[in-house]
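Fold and contact review
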Amino acid sequence: MHAKITIFSSASAPLLGRRRLRRADDASSPVRNYFLGGAEMGDRGRRMVFVTVGTTCFDALVKAVDSEAMKEALLQKGYTDIVIQMGRGTYIPSKVSGSSTLQVDYFTFSTSIADYIREASLVISHAGSGSIFETLRLCKPLIVVVNEDLMDNHQSELAEELAERKHLFCARPQTLREAVDAMDLTALRPYEPGDAKPVVTLINKFLRFPVD
Amino acid sequence: MGLDASTAACCALPVFVSLLVVRFAYVTYHSGRPLSKLSTSAARVRCLIVLGSGGHTAEMMNVVTALQKDRFTPRYYVAALSDNMSLQKAQVYEQSLVLVEADKEETLGNAQFMQIYRSREVGQSYITSIATTLLATLHAMWLIITIRPQVIFCNGPGTCIPLCASAFLLKVLGLGWSSIFYIESIARVKKLSLSGLLLYKLRIADQFIVQWLQLQQKYPRAHYAGRLM
């Protein structure tokens, strides 16, 4: 395990750092420093993939991440750890430690999800808007996995729209592996957070309040 | 005597119904139009803020943060009985305002927090949900009558429907006037949510705001003013 980590950290992490820095330079001016935070994280040797399902039950995603093929793909991309927030799911991923492959850890809920996202080099998330925007705000590469078992599946709309705008990658549990293989982090564009002021101005105008 | 009473009722009923129809048409006409200057001569408006849950609450709190707190006061926050997180978030925010402002006593009284019965919990059977919907509607009516909000902010999901419907009913009956603002969730890119569709089609929302241009093109009475998240 330790040997593996050092191999990956020396080989791919600095490379990734450089690539990210370049992308930050390329990005349009107001969001120039966006990805620098992410680069810092990657350089410490530990490259963690954080998987989150929010308050839902999304065993299909946990299973997909827990598969050997998936771990192989993540390992290939230079990730060293997986931390799974499994919510109300009942599928328990296999904890791997020792010399075999990636370190896998899991928990059900936490009040400090943001800390995990901040620590992660890649986030794989369910399609809830809370998780999506929290990750985008923290400028982390994100793969959103749409839960097809949900009755009213409007959630894919948001993920697909944001994927079209290149803010994240969108996948299904059965295509996650391909998405990881094909993912090109340099293709991602930073997300500019929204602003409630125009909406409030609209409301003020309607109520005939003076607009300042 | 009995005949007289029934004839009177027969004559009065059509008059009453047509009055109601005219009033309904009047309210529908005025909903969605900016208020006349006279009605908002007051410097502050009583607000009812309906917190949905999870992502809905996060979006709503972004709106509340941007509101002019001296105008939009007092603020009544309402969330579903089963949702503990939302009111907690609002409380934390209101507490943070108190710390900033000097006049603590007054600021504290400006925010109130209450819970409302939900018409239907996830997975509840349809038979029992008839009873709970009735209960939720009565409770919503009671809240609207006691709070008498001048402005209602909501963004789904279902919790806001009984509240908006009650407020609209009071408008029709001439017992109060509130401007209803509905801000569709950012998660809706191509289609409106069921709550949104209801409030849009029935013209209950005075101003209907969406967060994606393609949605605004599909629903021309909706407004687009950027994204909240």
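Residues numbered from 1 in each chain as written. Chains lettered and ligands numbered in written order. Predicted model: local features only at pLDDT ≥ 70, side-chain atom pairs only at ≥ 80, totals over all residues.

Below, the discussion takes up the overall build of chain B. Tallying secondary structure elements over chain B gives 8 helices and 7 strands in all. For chain B, the spread of C-alpha atoms along the principal axes amounts to about 70 × 40 × 40 Å. A burial count over chain B gives 37% of its 229 residues as buried. For chain B, the share of sequence-separated contacts (at least 6 apart) that also reach a separation of at least 24 residues comes to 69%. (Helix = DSSP H or I, 4+ residues; strand = E, 2+ residues; numbered from the N terminus. Buried ≥ 20, exposed ≤ 12 C-beta atoms within 10 Å, placed from the backbone. Contact = placed C-beta atoms within 7 Å.)

A word on the confidence of the model for chain B. Do not read the predicted coordinates in detail wherever pLDDT is low. Per-residue confidence for chain B gives a mean pLDDT of 88; residues scoring 70 or more make up 91%. The ipTM assigned to the predicted complex is 0.88, against a pTM of 0.82. (pLDDT = per-residue confidence, 0-100.)

With that out of the way, let us pick up the interface of chain B and chain A. Contacts between chain B and chain A engage 33 residues on the former and 23 residues on the latter. For the side of chain B that touches chain A, the secondary structure elements donating two or more residues are helix H2 (54-66), strand S5 (179-183) and strand S6 (207-210) of chain B. Of all the elements, H2 of chain B adds the most residues to the side of chain B that touches chain A, at 7 residues. Here the side of chain B that touches chain A is composed, by residue class, of 17 nonpolar, 9 polar and 7 charged. (Nonpolar A, V, L, I, M, F, W, Y, C, P; charged D, E, K, R; others polar.)

This brings us to the packing of H2 of chain B against helix H3 (residues 84-100) of chain B. A pair of packed helices is characterised by two quantities: the angle between their axes and the separation of those axes. All names here are of chain B. With their axes 10 Å apart at the nearest point, H2 and H3 run at an angle of 25 degrees to one another. In terms of orientation, H2 lies roughly parallel with respect to H3. The handedness of the crossing between H2 and H3 is right-handed. On the side of H2, the interface is formed by Thr57, Met61 and Val64, while H3 contributes Ser86, Lys89, Ala90 and Tyr93. Here the contact of H2 with H3 is built from residues that sort into 4 nonpolar, 2 polar and 1 charged. (Axes fitted to C-alpha atoms, helices over the stretch in contact; angles between N-to-C directions. Parallel < 35°, antiparallel > 145°, perpendicular 65-115°, else oblique. Left-handed = near helix turned anticlockwise from the far one by under 90°.)

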